[in-house]
Amino acid sequence: MTDRKSRRRARQSADVVIWALSRIIGARFHCAPCIAIMTQIRTRIAPSPTGDPHVGTAYIALFNRCFAHSQGGKFILRIEDTDQSRSTAQSEQDILSSLRWLGIEWDEGPDCGGEYGPYRQSQRSDIYRQHIETLLANGSAFRCFCSSERLDALRRQQMQEKRQTGYDGHCLSLTQAEVDSRVGAGEESVVRMAVPREGDCRFNDLLRGEVAIAWSQIDMQILIKSDGLPTYHFANVVDDHLMGISHVIRGEEWINSTPKHLLLYEYFGWEAPRFCHMPLLRNPDKSKLSKRKNPTSINYYRSMGYLPQALVNYLGMMGWSMPDGAEKFTLTQMTRSFDISRVSLGGPIFDLAKLDWLNGKYLREDFAAEDFIAAYASWAFPPDKLAAIVPLIMQRVDKFSDVAELAKPLVSGELPLEAGAFEHKQLAPSEVQRVLQFSLWRLESLADWQRDSIEAALQGLAAAMELKIRDFLFPLFVAMSGKPVSLSVIEAIRILGLDITRARLRSALSAMGGVSKKQLKLLQQEFHGFSWP
Ligand code: GLU
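Residues numbered from 1 in each chain as written. Predicted model: local features only at pLDDT ≥ 70, side-chain atom pairs only at ≥ 80, totals over all residues. Heavy atoms only, no water.

For helix 13 (residues 352-366), give the residues involved together with the corresponding values.
Taking 1.5 Å of rise per residue, 15 residues should cover 21 Å, and helix 13 covers 21 Å from first to last C-alpha, within 8% of that figure. Buried residues of helix 13: L355, L358, N359, G360 and Y362, and no others. On its buried face, helix 13 is in contact with helix 10 (298-303) and helix 11 (308-316). Looking at where helix 13 begins, the residue whose side-chain oxygen comes 3.1 Å from the main-chain nitrogen of A353 is D351. (Helix = DSSP H or I, 4+ residues; strand = E, 2+ residues; numbered from the N terminus. Expected span 1.5 Å × (residues − 1). Buried < 20%, exposed > 50% of the residue type's maximum accessible area, 1.4 Å probe, protein only. Contact = heavy atoms within 4.5 Å. Polar contact = N/O pair within 3.5 Å; in protein donor to acceptor, adjacent residues only side chain to side chain.)

Residue-level account of the site of the ligand, with values.
Taken together, R44, A46, S48, E80, Y232, N236, R250 and W254 make up the full set of residues adjacent to the ligand. Interatomic distance of 2.8 Å between a backbone N/O atom of A46 and a nitrogen atom of the ligand. The separation between an oxygen atom of the ligand and a polar side-chain atom of Y232 is 2.8 Å. Alone, the ligand offers 300 Å² of accessible surface; in the complex the protein occludes 82% of this. In terms of residue class, the shell around the ligand is built from 3 nonpolar, 2 polar and 3 charged. (Near = heavy atom within 4 Å. Areas by Shrake-Rupley, 256 points an atom, 1.4 Å probe, with all protein chains shown as cover. Nonpolar A, V, L, I, M, F, W, Y, C, P; charged D, E, K, R; others polar.)

Can you break down the packing of helix 5 (residues 125-137) against helix 9 (residues 258-268) residue by residue, with the values?
Running from N to C, helix 5 and helix 9 cross one another at 80°; their axes reach a closest spacing of 10 Å. Between helix 5 and helix 9, the angle is such that the two are roughly perpendicular. On the side of helix 5, the interface is formed by H131, T134 and L135, while helix 9 contributes L264, Y267 and F268. Its residues assigned to classes, the contact of helix 5 with helix 9 shows 4 nonpolar, 2 polar and no charged. (Axes fitted to C-alpha atoms, helices over the stretch in contact; angles between N-to-C directions. Parallel < 35°, antiparallel > 145°, perpendicular 65-115°, else oblique.)

So, the nonpolar core: which residues are in play, and what are the values?
Counting residues in each nonpolar core, the largest one holds 55 residues, and the members touching the most others are L62, F63, I104, L315, I340 and F350. Put simply, the parts of the chain that give this core at least two residues each are helix 3 (55-69), strand 2 (74-77), helix 4 (89-102), strand 9 (274-278), helix 10, helix 11, helix 12 (331-336) and helix 13. The element contributing the most residues to this core is helix 3, with 10 residues. Beyond its immediate chain neighbours, meaning those up to four positions away, F63 contacts I249, M278, L315, G316, M318, W320, M334, F338 and V343. L417, F438, L440 and I493 belong to the second-largest nonpolar core, a separate cluster that totals 50 residues. (Core = buried A, V, L, I, M, F, W, Y, C linked by side-chain atoms within 4.5 Å.)

Can you explain the pairing of strand 4 (residues 190-193)? Please cite residues and give values.
Along strand 4, one buried face is formed by V190 and R192 and the opposite face, lined by V191 and M193, is buried too. With 4 bridges joining them, strand 3 (residues 141-144) and strand 4 adopt antiparallel strand pairing. Looking across to strand 4, one finds that A141 is bridged to M193. When strand 4 meets strand 7 (residues 222-224), the two strands line up antiparallel, connected through 2 bridges. Bridge pairing links R192 to I222 in strand 7. (Pairing = 2+ DSSP bridges.)

Explain the side chain of S453 to me, and be specific about the residues and the numbers.
Tracing the backbone through its elements, the reader meets S453 in helix 18 (residues 451-464). When its relative accessible area of 16% is taken as the criterion, S453 is described as buried. At 3.1 Å, the side chain of S453 and the backbone oxygen of D448 are in polar contact. Once you skip the residues sitting within four places of it in the chain, S453 turns out to touch L446 and D448.

Describe in detail the sheet that holds strand 3, supporting the description with residues and values.
The strand order across the open sheet built from 3 strands is 3-4-7, with neighbouring strands paired in antiparallel fashion. Each end of this open sheet is capped by a strand with a single partner; those strands are strand 3 and strand 7. When strand polarity is set aside, the average angle formed by the axes of neighbouring strands in this sheet is 45°.

Any details on the packing of aromatic side chains? Residues and values, ideally.
Under the criterion given, the structure shown has 20 aromatic pairs. Ring centres of W441 and F527 lie 5.4 Å apart, and the angle between their planes is 55°; this geometry places the pair in the tilted category. Placement of the pair is W441 in helix 17 (residues 429-444) and F527 in helix 21 (residues 517-529), with a sequence separation of 86 residues. Accessibility assignment for this pair places W441 and F527 in one class, buried. A centroid spacing of 6.3 Å and a plane angle of 80° characterise the contact between F527 and F530, whose relative ring orientation is edge-to-face. Here the aromatic cluster, defined as three or more aromatic residues joined through ring pairs, consists of Y59, F63, W320, F329 and F338. The ring of Y362 is capped by K328, whose NZ or CZ atom sits 4.9 Å from the centre of that ring. Its end group placed over the ring of W379, K385 keeps NZ or CZ at 5.7 Å from the ring centre. (Phe/Tyr/Trp six-rings, centres within 6.5 Å; stacked < 30°, edge-to-face > 60°. Lys NZ or Arg CZ within 6 Å of the ring centre and 35° of its normal.)

Please set out a nonpolar patch on the surface residue by residue, giving values where relevant.
Judged by side-chain polarity, F372, Y376, F381, L386, V390 and M394 come together as a nonpolar surface patch covering roughly 540 Å² of accessible area. Where the nonpolar patch is concerned, the elements lending two or more residues are helix 14 (369-380) and helix 15 (383-394). A total of 3 residues in the nonpolar patch trace back to one element, the largest contributor, which is helix 15. Mapped onto the fold, L386 is located in helix 15. Among the residues examined, L386 registers a relative accessible area of 35% and is labelled partly exposed. (Patch = residues over 30% accessible without salt bridge, like charges linked within 9 Å, V, L, I, M, F, W, Y side chains within 5 Å. Salt bridge = Lys/Arg side-chain N within 4 Å of Asp/Glu carboxyl O.)

Tell me what's going on with the pattern of salt bridges, and back it up with residues and numbers.
One pass over the structure, following the stated rule, counts 32 salt bridges. Linking R434 and E526 is a salt bridge whose minimum nitrogen-to-oxygen distance equals 2.1 Å. Within this pair, whereas R434 is found in helix 17, its partner E526 is found in helix 21, the two being separated by 92 residues in sequence. Judged by its relative accessible area of 17%, R434 falls in the buried class. For E526, a relative accessible area of 28% puts it in the partly exposed group. One salt bridge in this structure joins E491 and R494, with 3.4 Å as the shortest N-O distance. Of this pair, E491 and R494 both sit in helix 20 (residues 489-511), separated by 3 residues, roughly a single helical turn.

Which residues make up the environment of S226, and what values do they have?
Tracing the backbone through its elements, the reader meets S226 in the loop between strand 7 and helix 8 (232-242). The class of S226 is partly exposed, set by a relative accessible area of 44%. Remark: the alpha-carbon pair of S226 and P308, spanning 82 residues in sequence, is separated by 43 Å. Once residues within four sequence positions are removed from consideration, S226 is found in contact with E188, S189 and V190.

The values reported here are purely geometric and, on their own, carry no functional implication.
See below:
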């Protein structure tokens, strides 16, 4: 075992001993060190509800849950919706239901409550308002009145001089009287945190050992925006403290934010939690997992007919392994054997071929024929889907033996497609690509997934592209069903949902030779130039 590994294990064991002591003694002590010792293990996942439920969220949630539950602790779900312009109720609901589908349940959260609620940041504004007063009063935060013009000019100058960009501390020199009179006069301001300019911030990461980041690289972060709402950094620290979070286990993209967070703990005089930054999931080409190269929405895996237990098992293999090397394991087995020091920092590859292999193993080994039938039927033909499909099919068949062929696109994943299938008298291949790409972007931006809104969006797009609707729909028919004529393409899109639609439009684009980065940029410009009714 390397020195680093053994140090990690020692720290991990210390955490377990502390927890065990608190369980055995079971008493409450009131001096600070005793309170620290008695702290229960509490971890959390803190997703921002701004889009599809990401597999990365499930991966981090899984490790947080295993860490807490393997030590008798609690796992909390908190919704970080301080960015009101991007947060949606739909996204929050999707996050909750997809984690629940995976069986990654939480002990406290916005839906089930708990002692430390509310668990949605938009309902905690008063708490942040009170807490910022503490920092303003002790001088560790200050009001900043700088205009966006001044900040833009400062940034340009710093970039020209090849210096680190960031706030220059301009408003730190204002006297209290000046601040009061400008606030009194109604001038707009934000609250920033003071940050030392010299030295390093050092902290111990549970997996990485000591991390050092120079303070000069850390910006004087805005804590409260001009609309009075907190930024992620401020709300996150206040909530982690008030919710008694003992270990912050999150993706490595947050390492550079940790100095700001630690400084806030210090400014408040609070004990900081332990930090653990997990390696990011990667595409097979080692780039960061992104929806351009791999489906990232949990909904996609659900719609494709993967089993939740196989997906959770696969996520458990991302940088972690069972002590006996078993590749197939349940969430309970993983929790029982969990040891965070077994996480390896080399970026784990999220590989669909390996997931397929594991999912197939579950289907073959764990399902009797009757279980398979029941599970398949509830995936392929849930009552609401069946009710939507049957009327479409009934109009087009003469006999039952015609049904399977017609229904096939509605119960399949991606379809085998060739460029030849997209040949059309009126549309050049580049026009076909534009229709596919623009439709994808237009559908991704839809707030509700109803027949009428899908139809209106696509009709609007056809009009903006000055194409006849018949010609416009042709590439979509081929992408969605593999054929130029089929069931209503609008209905197919509605029934299949965004994730499968997205996957089919993408595979149609790649069957046509793909879109280069340069082309994509040009298409984006053109798309943003359209105006919608
Ligand atoms: N709201 C952040 C996110 O969306 C949470 C980051 C953290 O865990 O501190 O991932």
